[in-house]
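Take a look at the letters that make up each chain.
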Amino acid sequence: MGKVLDEQNNFYKVTARQARINREKETAKLTDFGAVYKKGKTDVELYAPVGYLEKEYMVSVNGTIKGRFNELDFSSGKDGRFHYDFLTGIGTLLGRFEISHNDGTISADKMLVFSKNNYAEFIGHVQVIYNK
């Protein structure tokens, strides 16, 4: 399933091996979840064993989460959890996430992403490794 968000061809697309849809509650449980999101200069790919959609604007995924945010790769441990609200632009990542780039890595127990402000906050046992 996919949706074009505006006239600039910004969009998101969700794929799954299996989907259980509850039309009354406007929710879907997705197995082997995959998502692509494009808005302006933001490109995101996200993959996880299990994903949930609610009313087409909230997504939650669980398990070993992997993906890419522009030029940054990210991954979680096996107990990773990610929740994102497209209306507010706020994301929460739990489960020892690591973000890597050619210049190094940063990891934390919890990350908060505020997309509208282009801001991220790292909480709990934060580690930064810079490659010279």
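Report follows, based on the coordinates. (Residues numbered from 1 in each chain as written. Predicted model: local features only at pLDDT ≥ 70, side-chain atom pairs only at ≥ 80, totals over all residues. Heavy atoms only, no water.)

## Concerning the pattern of salt bridges
Quick note on the threshold: Any carboxyl oxygen of Asp or Glu within 4 Å of a side-chain nitrogen of Lys or Arg constitutes a salt bridge here. Helix numbers and strand numbers start at the N terminus; a helix is a DSSP run of H or I with at least 4 residues, a strand a run of E with at least 2. Throughout this description, buried means an accessible area under 20% of the type-specific maximum (1.4 Å probe, protein chains only), exposed means over 50%, and partly exposed covers the range between.
All chains considered together, the criterion is met by four salt bridges. One salt bridge in this structure joins D32 and R17, with 2.7 Å as the shortest N-O distance. Residue D32 is found in strand β4 (residues 27–39), and its partner R17 is found in the loop between β2 (11–15) and β3 (18–22); the two are separated by 15 residues along the sequence. We classify D32 as partly exposed; its relative accessible area is 40%. The partner of R68 in a salt bridge is D73, and the shortest N-O contact between them spans 2.6 Å. Looking at D73, the relative accessible area reads 35%, which means it is partly exposed.

## Some remarks on the layout of surface pockets
Rolled over the atoms, a probe with the dimensions of a water molecule shows which regions are left empty. Going by this rule: Using a grid of 1 Å spacing that covers the protein atoms alone, one calls a set of points a cavity when a 1.4 Å probe fits there but cannot get out, and a pocket when the set is open and has protein on both sides within 12 Å along at least five of seven lines; lining residues are those with an atom within 4 Å of a point. Grid points are joined across faces, edges and corners, and a volume is the space filled by probe spheres set on the points. For this classification, Asp, Glu, Lys and Arg are treated as charged, while Ala, Val, Leu, Ile, Met, Phe, Trp, Tyr, Cys and Pro are nonpolar and the rest, including Gly, are polar.
Considering only enclosed or pocket space, the largest pocket measures out at about 1100 Å³ in volume. Lining of the largest pocket is provided by 37 residues; of these, T42, V44, F69, Y84 and S115 occupy positions nearest its centre. Elements that contribute at least two residues to the lining of the largest pocket include exactly β2, β4, β5 (42–54), β8 (72–75), β9 (80–85), β10 (90–101), β11 (104–114) and β12 (119–123). A class-by-class count of the residues in the lining of the largest pocket yields 25 nonpolar, five polar and seven charged.

## So, the nonpolar core
Cut-off, in case you're wondering: The criterion is simple. A nonpolar core is a set of buried Ala, Val, Leu, Ile, Met, Phe, Trp, Tyr and Cys residues joined through side-chain atoms within 4.5 Å.
Counting 21 residues, the largest nonpolar core has V14, F33, L46, V61, I65, F82 and F97 as its most contacted members. Ranked by residues supplied to this core, first place goes to β4 with five residues.

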